[in-house]
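Letter by letter, the chains look like this.
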Amino acid sequence: MRDSTTKAMAGPRPVVLSGPSGAGKSTLLKKLMKEYDSVFGFSVSHTTRNPRPGEENGRDYHYVTREEMQAGIDNGEFIENAEFSGNMYGTSKAAVQAVQAKNLICILDIDMQGVRNIKQTDLDPIYISIQPPSMEILEKRLRDRKTESEESLQKRLHAAKVEIAFSKEPGVFDVIVVNDVLEEAYGQLRNALLEEINKVKKTKASS
Ligand SMILES: Nc1nc2c(ncn2[C@@H]2O[C@H](COP(=O)(O)OP(=O)(O)O)[C@@H](O)[C@H]2O)c(=O)[nH]1
Ligand SMILES: Nc1ncnc2c1ncn2[C@@H]1O[C@H](COP(=O)(O)OP(=O)(O)O)[C@@H](O)[C@H]1O
C-alpha cells in the first residue's frame, strides 16, 4: 500500500507514538501538545470502541460504528486501519491532512499493526516507542486507570506482551522511551523531537 495523498500536503515530519496500552502514550502526548500547542497537532483516529468518561468525539477519537468504519475503509478514506482488543481503529487521510494543512507536526498514536502499515506508505514519520518499566507496573497503571473491564484489561495485557517484543525488533523504532518517572520520560521525548520542534518554530517566525 503506497499512498501519496498525505505526502502531497507534506509539512514537517510526522511523529508516530506507539507502545502497549497503558504505557503512557496519551499522557505524554497531552503534555507535549500543552507545552507546544502551536507546534503539534493530533491525528484524530476513528474507532468503534465506546468513549471513556472525559473523552470527546472529534477530539480524542471519531467514534463510529463498525458499518461506518468499514464503509470508510472500502471507500479508500483510511491510510491504515487495525483491529485491536475487539475494536476497529484507523487513521483517515483527512485526519493527517487536517494537521499538515496547518503546518503542524502531526502526531499519530497507533498500535504495532499501524506502525507496520505506515511503514509501507511515504508518510516518513519519526517512530517513537513508549514502553512501561515492567509488565507489573503496566498492569497496575491500567488497573488504576479504571477504564477497562477485566476482559478488556486481559486483552490489553496480552497485546502488551506482543507490543513489547515488537519494540525490540531492530530498526523499527528511532527512539525508545521507558516511561518510569513521568517527567524524565517526558524530557526524553521532548529531546528526541527538539530538532523538529525548532524547525517548525523557525518556519513560523519567518512567515
Ligand atoms: N493502528 C491504529 N491503532 C490505533 C489508532 N488509534 C489508536 N490506536 C491504538 O489502539 C490501541 C488502543 O487504544 P485505546 O482504546 O485508546 O486504549 P489505550 O491505549 O489503552 O488508551 C492503542 O495501542 C492505540 O495506539 C489508529 O488509528 N490506528
Ligand atoms: N510515569 C508514570 N507514572 C505513573 N503513572 C503514569 C505514568 N505515565 C502514565 N501514567 C498513568 O498510567 C495510566 C496509563 O497511561 P495512558 O497515558 O492512558 O497510557 P496509554 O495512552 O499508552 O494507554 C494513566 O492512568 C496515567 O495517568
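The structure under discussion appears in the preceding block.
Being a predicted model, the structure only gives us computed values, none of them experimental. (Residues numbered from 1 in each chain as written. Chains lettered and ligands numbered in written order. Predicted model: local features only at pLDDT ≥ 70, side-chain atom pairs only at ≥ 80, totals over all residues. Heavy atoms only, no water.)

### Some thoughts on the site of ligand 2
And step 1. Gly-22, Lys-25, Ser-26, Thr-27 and Asn-179 are the nearest of the 13 residues found near ligand 2.
And step 2. The side chain of Thr-27 places a nitrogen or oxygen atom 2.5 Å from an oxygen atom of ligand 2.
And step 3. For ligand 2, whose free accessible area comes to 560 Å², the fraction covered by protein is 74%.
And step 4. Looking at the shell around ligand 2, the elements that each hand over two or more residues are helix 2 (25-35) and helix 6 (135-145).
And step 5. The greatest single-element share of the shell around ligand 2, amounting to three residues, is contributed by helix 2. (Near = heavy atom within 4 Å. Polar contact = N/O pair within 3.5 Å; in protein donor to acceptor, adjacent residues only side chain to side chain. Areas by Shrake-Rupley, 256 points an atom, 1.4 Å probe, with all protein chains shown as cover. Helix = DSSP H or I, 4+ residues; strand = E, 2+ residues; numbered from the N terminus.)

### Remarks on helix 2
And step 1. For helix 2, the set of buried residues is Lys-25, Leu-28, Leu-29 and Leu-32. Angular distribution of buried residues about the axis of helix 2 spans 95°; they occupy a single face of the element. Along helix 2, the residues that are exposed and aim more than 90 degrees away from the buried face are Lys-30 and Lys-34.
And step 2. Summarising the contacts, the buried residues of helix 2 are in contact with strand 1 (15-18), strand 2 (40-42), strand 7 (105-109), strand 8 (126-131) and helix 8 (182-206). (Buried < 20%, exposed > 50% of the residue type's maximum accessible area, 1.4 Å probe, protein only. Arc of directions from axis to C-beta. Contact = heavy atoms within 4.5 Å.)

### Some words on the packing of helix 6 against helix 7 (residues 150-167)
And step 1. Interaxial distance between helix 6 and helix 7 falls to 11 Å at its minimum, and their mutual angle equals 145°. Crossing handedness for the pair helix 6 and helix 7: right-handed. Across from Met-135, Leu-138, Glu-139, Leu-142, Arg-143 and Arg-145 in helix 6, the residues of helix 7 making contact are Glu-150, Leu-153, Gln-154, Arg-156, Leu-157, Ala-160, Lys-161 and Ile-164.
And step 2. Here the residues of the contact of helix 6 with helix 7 are counted per class, giving seven nonpolar, one polar and six charged. (Axes fitted to C-alpha atoms, helices over the stretch in contact; angles between N-to-C directions. Left-handed = near helix turned anticlockwise from the far one by under 90°. Nonpolar A, V, L, I, M, F, W, Y, C, P; charged D, E, K, R; others polar.)

### Section: the packing of aromatic side chains
And step 1. Evaluated as defined, the whole model comprises five aromatic pairs.
And step 2. Pairing Tyr-61 with Tyr-63 gives two aromatic rings, centres 5.8 Å apart and planes at 65°, and the pair type is edge-to-face.
And step 3. Between Phe-166 and Phe-173 the ring centres are 5.9 Å apart and the planes differ by 80°, which places this aromatic pair in the edge-to-face class.
And step 4. Given a relative accessible area of 13%, Phe-173 falls into the buried group.
And step 5. Feature note: the residues Tyr-61, Tyr-63, Phe-84 and Tyr-89 constitute an aromatic cluster, connected by ring pairs.
And step 6. Above the plane of the ring of Tyr-186 lies Lys-31, whose end atom (NZ or CZ) is 5.1 Å from the centre.
And step 7. Directly above the aromatic system of Tyr-127 lies the positively charged group of Lys-119, at a separation of 4.0 Å from the ring centroid. (Phe/Tyr/Trp six-rings, centres within 6.5 Å; stacked < 30°, edge-to-face > 60°. Lys NZ or Arg CZ within 6 Å of the ring centre and 35° of its normal.)

### Quick notes on the sheet that holds strand 2
And step 1. Across the sheet, five strands lie side by side as 2-7-1-8-9; this open sheet has parallel pairing. Strand pairing shows two members of the sheet lacking a second neighbour, strand 2 and strand 9 (175-178), which therefore form its edges. On average, each strand axis in the sheet is inclined to that of its neighbour by 25°, with strand direction left out of account.
And step 2. As judged from the four bridges shared by strand 8 and strand 9, these two strands associate in the parallel manner. Note that in strand 9 the partner of Ser-129 across the bridge is Ile-176. (Pairing = 2+ DSSP bridges.)

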